[in-house]
Amino acid sequence: MNDASTLDLLLWVVLPYMVLAVFVLGHIWRFRTDRFGWTTRSSQIYESKLLSIGSPMFHFGIIGIFLGHVVGLGIPKSWTRFLGISDHMYHLMAVIVGLAAAVACVGGLLILLYRRRTNTRVFGATTVGDKIMYLLLSSTILFGVLATLVHTTFGDYDYREGVSIWFRQFWTFQPSTALMSEAPLFFQLHVLSALLLFAVWPFTRLVHVFAAPVGYLTRPYIVYRSKDPRKEAERRGWEKVKF
């Protein structure tokens, strides 16, 4: 086995499975040892105006990007063709929806980064872990946008015949290193930066993704009633004093 194939094996087989193990076991460890730290560590108390703009933009954008990845990586090309969606139509929808999600996500992220860097109180509450998380998150999004624009929109690379197949093979424990080693540079950087992001995920504020308050959907209603001032006046200690 030559050096090139050894490196490919490490990057596209060994590293992804190591990251998956760290991601799963890291969340279990974090939940068992730091349950009270399972939070976003909100800085809204320090500044709320920019946060109210940047946070919704980023979160709605990242949800759109996530759903786009689910479709693009998880659904084979043959399935969409079977449903009557041509490759051209799929590509057009992916570009339009993906571009809108990317603009919202990047715009929101830039606002959040500007807020965190220019507000002294918010910046003072920023930990080393936050800085690493923001760096990897920004890199992953940047390489993803560049990969889409350079290699797909204005290029001729079809990720559904390369990266997507490797991704599905990964979950069946048969990943082909050739599919990733032959992928364009920005796709490789996008995947590698995403792997590093997932590796540090359990140890950052990103754990709040798995803390959605789904219990609110099934909990009993809480009824709030105003106090009757007449009954309050009848309680001990509330008697009127006569002089």
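To keep things clear, this report deals only with the structure shown in the data block. (Residues numbered from 1 in each chain as written. Predicted model: local features only at pLDDT ≥ 70, side-chain atom pairs only at ≥ 80, totals over all residues. Heavy atoms only, no water.)

**Here we look at the side chain of Thr152**
The condition is simple: Per the convention used, a helix needs a DSSP run of H or I reaching at least four residues, while a strand needs a run of E reaching at least two, with both numbered from the N terminus. Note on exposure labels: buried denotes an accessible area under 20% of the residue type's maximum, exposed denotes more than 50%, and partly exposed covers the range between, all computed with a 1.4 Å probe on protein chains only. The criterion used for residue contact is that any of the two residues' heavy atoms lie within 4.5 Å.
Relative to the helices and strands, Thr152 resides in helix α6 (residues 128–153). Relative accessible area serves as the criterion here: at 12%, Thr152 is assigned to the buried category. Look past the residues within four positions of Thr152 in its chain and what remains in contact with it is His91, Ala147, Tyr157, Tyr159 and Phe187.

**Examining the packing of aromatic side chains**
The line we're drawing: Under the pairing criterion, centres of Phe, Tyr and Trp rings, with the six-membered ring standing for Trp, must be within 6.5 Å; the plane angle then separates stacked pairs below 30 degrees from edge-to-face pairs above 60, leaving the rest tilted. The criterion for a charge sitting over a ring is simple: Lys NZ or Arg CZ within 6 Å of the ring centre, and within 35 degrees of the ring normal.
Per the stated rule, a full pass over the model turns up 15 aromatic pairs. Where Tyr157 meets Phe187, the ring centres are 5.1 Å apart and the plane angle is 55°; that geometry is what we call tilted. With Tyr157 in the loop between α6 and α7 (163–171) and Phe187 in helix α9 (residues 185–200), the pair connects residues that are 30 residues apart, well separated along the chain. Given the relative accessible area of 8%, Phe187 is considered buried. Ring plane angle 85° and centroid distance 5.0 Å describe the contact between Phe170 and Trp171, whose orientation is recorded as edge-to-face. Here a set of aromatic residues connected by ring pairs shows up, and it is made of Trp12, Tyr17, Trp166, Phe167, Phe170, Trp171 and Phe173. Above the ring of Phe123, the side-chain terminus of Arg117 is found at 4.4 Å from the ring centroid. It is Arg160 that lies over the ring of Tyr90; its NZ or CZ is 3.7 Å from the centre.

**Quick notes on a nonpolar patch on the surface**
Heads up, the condition is: Exposure above 30% relative accessible area and no salt bridge define the residues that can form patches, which grow by joining like charges within 9 Å and nonpolar side chains of Val, Leu, Ile, Met, Phe, Trp and Tyr within 5 Å. Only the protein chains shown count as cover for residues, and all accessible areas are computed by the Shrake-Rupley method using a 1.4 Å probe. Salt bridges are counted wherever a side-chain nitrogen of Lys or Arg sits within 4 Å of a carboxyl oxygen of Asp or Glu.
A contiguous nonpolar patch, built from Phe60, Ile63, Phe66, Leu67, Val70 and Val71 and spanning about 600 Å² of accessible area, is present on the exposed surface. Residue position: Phe66 is located in helix α2 (residues 49–74). Classification of Phe66 by relative accessible area gives exposed; the value is 54%.

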